[in-house]
Structure formats: C-alpha cells, structure tokens
Amino acid sequence: MKKHLVVVLLAALVLSSCGEYNKVLKSTDYEYKYEAAKSYFAKGRYVRSATLLNELITILKGTDKAEESLYMLGMSYYNQKDYFTASQTFVTYYNTYPRGMYTELSRFHSGKALYLDSPEARLDQSGTYQAIRELQLFMEYFPQSLKKSEAQDMIFALQDKLVRKELYSSRLYYNLGNYMGNNYLSCVITAQNALKDYPYTVYREELSILILRAKYEMAVNSVEERKDERYRDTIDEYYAFKNEFPESKYLKEAEKIFKGSSEKVTKEE
C-alpha cells in the first residue's frame, strides 16, 4: 500500500511538472518565460532551459537580459553534452558581445566544448585542429586568465592526439612494407614530420624507433647501388636513437639493427 502511494505521488509530481512546463511554453509573457528558463537552468533541467532560451534570445535582443540568455543557452547545450552546438553558441556570444560579462568564459568553454567533442585519433582530426585554434585564441585574448593552465593542458592533450594519428599512420606504412610502393619511406617521412611539428610529444620514442626500423628495411630491400648509403644512414639513425634514449625498451632491437647494418657496410668495404 505504501509503495503504491509513493508511485501515485511521484506520478502526480511528474504530471504537475509537465503541466507547469507546458504552461510556460504556451505563455506570451516573456518575462515569465525568462525567469522559468533561469529556474530550469539552476535546477539542471537543461533541455527545458534550452528550449525556452532558443525562443527568447531573439525576442530579448537589445535588452539587458539578452546577453545572459545567450550565455545560459550555450551552457545548457554544454551541460547536455551537445558540445558542437554549445561551441557554436559561445562563438555567437563572444562575437556579439566582444567585451561582455561572459566573454572570457564563452571563449574558454567554446574551446573546451570542442576539446570534449574531439574525435578518436584514428578518425578525421578537423575538429581537433579547430579545438586547438579556439583554445589558443582564448589564451591570446585572456593571457592572465585563471583558466589559462587548463587551456594549455587541453592543447597539449589535443596535440598528442594529432601525433597519435601520425603514429598510427607511420605504423601502417611500416606494416605495408613494399606493397604497391616504398611504404617504408612514407613511414620515415610521416614520423619525421610528426617529430618536427611536435618535438616534445610523449610518442617521441615510438616514432623514433619506427624511423630506425623503416630505414633498416629500406636498406635491406634496396637495389645494390643504394645499399651502402642506406645502411650507413641506418647506422647514423641508430646512434641518434641511442643517444636520445639510452634506457629505451627498444634498445636490444636497435642494437640488432646496428649490428646487421654494420656487418653489411663492413662487407662492402
């Protein structure tokens, strides 16, 4: 009996809530709608808040409530995890109110929303580049912001994701070997470009060993007149790798490559 009473009371509460919301939706009292939108936002009812604010931002344009409404709309989308729409809304805010009360937060959350929406490393990274640009602009406009450190950390994480994509590509080229072309060369170029663009990446060691492996395979598979040159290039790469990563987990493999390359050069001398 008690359980049945609780269910009835909950149902009544939901119906009452729905009835109240429908009343707000139908109302032509925009002050009432504005206060309701703020109330829903404060209670974490972000779908309802966004629905009302989407109607209000045009109606309230030019009033002192328009600025806050647009920022709340962005945060409503953000808190719903609709990060792309949130970012677009924040961009609209800071373009409309370049010196507004919420401009710093809008620029920050626009970048953070794109950061949270950034795709997995194997996918197209256009969104990741966009997130980096947005966060960099935030730091340029607000260099003293308390959120600068968080923004910088997000940029580093996004850059590592870009490098991870290049690492996956380098591995793929290496695994393809000589299938339909010299994929070892593509592996070397891709990995070297990643290291050039992001020299402090956490994937530096993995990219470096891929370069060494690929150079060795190019030497092994070269025509006779190129073998000596490419084995010597492999040996140079080995020394560079060993100097930078003297405690590397790949050191035994690197030593084996060095030994194999040295023997070939010695024979040809």
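Placed above this text is the structure.
What comes next concerns the included structure. Just so it is clear, the model here is predicted, and its values are computed rather than measured.

1. Some details on the overall build of the protein
Part 1: The helix and strand tally for the protein stands at 12 helices and zero strands.
Part 2: Along the protein, from the amino end to the carboxyl end, the secondary structure elements read α-α-α-α-α-α-α-α-α-α-α-α.
Part 3: Relative to the 2.2 N^0.38 estimate, which gives 18 Å for 269 residues, the radius of gyration of the protein is 29 Å and therefore markedly larger than a compact globule would have.
Part 4: In terms of principal-axis extent, the alpha carbons of the protein reach across some 90 × 55 × 35 Å.
Part 5: With 269 residues in all, the protein has 41% of them scored as buried.
Part 6: Long-range pairs, those at least 24 residues apart, make up 55% of the contacts in the protein with a sequence separation of at least 6.

2. Some details on helix H11 (residues 224-244)
In an α-helix, one turn spans 3.6 residues; hence positions three or four apart end up facing the same way.
Part 1: With 21 residues, H11 should reach 30 Å at 1.5 Å per residue; the first-to-last C-alpha distance of 31 Å fits that figure.
Part 2: Taken together, the buried positions of H11 are Lys 227, Tyr 231, Thr 234, Ile 235, Glu 237, Tyr 238 and Phe 241. Summarising the axial view, the buried residues of H11 lie within an arc of 165°, below the 170-degree limit, and thus occupy one face. Within H11, the exposed residues directed more than 90 degrees away from the buried face are Glu 225, Asp 236 and Asn 243.

3. A closer look at the packing of helix H5 (residues 83-96) against helix H6 (residues 103-116)
Two measures define how a pair of helices packs: the angle their axes make with one another and the distance between the axes.
Part 1: H6 packs onto H5 with a crossing angle of 155° between their chain directions and a minimal axis gap of 8 Å. By the criterion of interaxial angle, the relationship of H5 to H6 is roughly antiparallel. The hand of the H5/H6 crossing is left-handed. On the side of H5, the interface is formed by Tyr 83, Ala 86, Ser 87, Phe 90, Val 91, Tyr 93 and Tyr 94, while H6 contributes Thr 103, Ser 106, Arg 107, His 109, Ser 110, Ala 113, Leu 114 and Leu 116.
Part 2: Its residues assigned to classes, the contact of H5 with H6 shows nine nonpolar, five polar and one charged.

4. Some remarks on the packing of helix H2 (residues 30-42) against helix H4 (residues 66-79)
Part 1: Running from N to C, H2 and H4 cross one another at 35°; their axes reach a closest spacing of 11 Å. Like other packed secondary-structure pairs, H2 and H4 cross with a definite hand, here left-handed. Across the interface between the two elements, Tyr 34, Lys 38 and Phe 41 from H2 touch Glu 68, Ser 69, Met 72, Met 75, Ser 76 and Asn 79 from H4.

5. Considering the pattern of salt bridges
Part 1: Per the stated rule, a full pass over the model turns up 13 salt bridges.
Part 2: The shortest N-O distance in the salt bridge between Glu 253 and Arg 213 comes to 2.6 Å. Here Glu 253 is found in helix H12 (residues 251-268), whereas its partner Arg 213 is found in helix H10 (residues 204-220), with 40 residues between them in sequence.
Part 3: Here Lys 215 makes a salt bridge to Glu 237, at a shortest N to O gap of 2.9 Å. One end of the pair, Lys 215, is in helix H10; the other, Glu 237, is in helix H11, and 22 residues separate them in sequence.

So, how was this worked out
- Residues numbered from 1 in each chain as written.
- Predicted model: local features only at pLDDT ≥ 70, side-chain atom pairs only at ≥ 80, totals over all residues.
- Heavy atoms only, no water.
- Helix = DSSP H or I, 4+ residues; strand = E, 2+ residues; numbered from the N terminus.
- Rg over C-alpha atoms; globule rule 2.2 N^0.38 Å.
- Buried < 20%, exposed > 50% of the residue type's maximum accessible area, 1.4 Å probe, protein only.
- Contact = heavy atoms within 4.5 Å.
- Expected span 1.5 Å × (residues − 1).
- Arc of directions from axis to C-beta.
- Axes fitted to C-alpha atoms, helices over the stretch in contact; angles between N-to-C directions.
- Parallel < 35°, antiparallel > 145°, perpendicular 65-115°, else oblique.
- Left-handed = near helix turned anticlockwise from the far one by under 90°.
- Nonpolar A, V, L, I, M, F, W, Y, C, P; charged D, E, K, R; others polar.
- Salt bridge = Lys/Arg side-chain N within 4 Å of Asp/Glu carboxyl O.

Without other data, these values stay purely geometric and don't point to any function.
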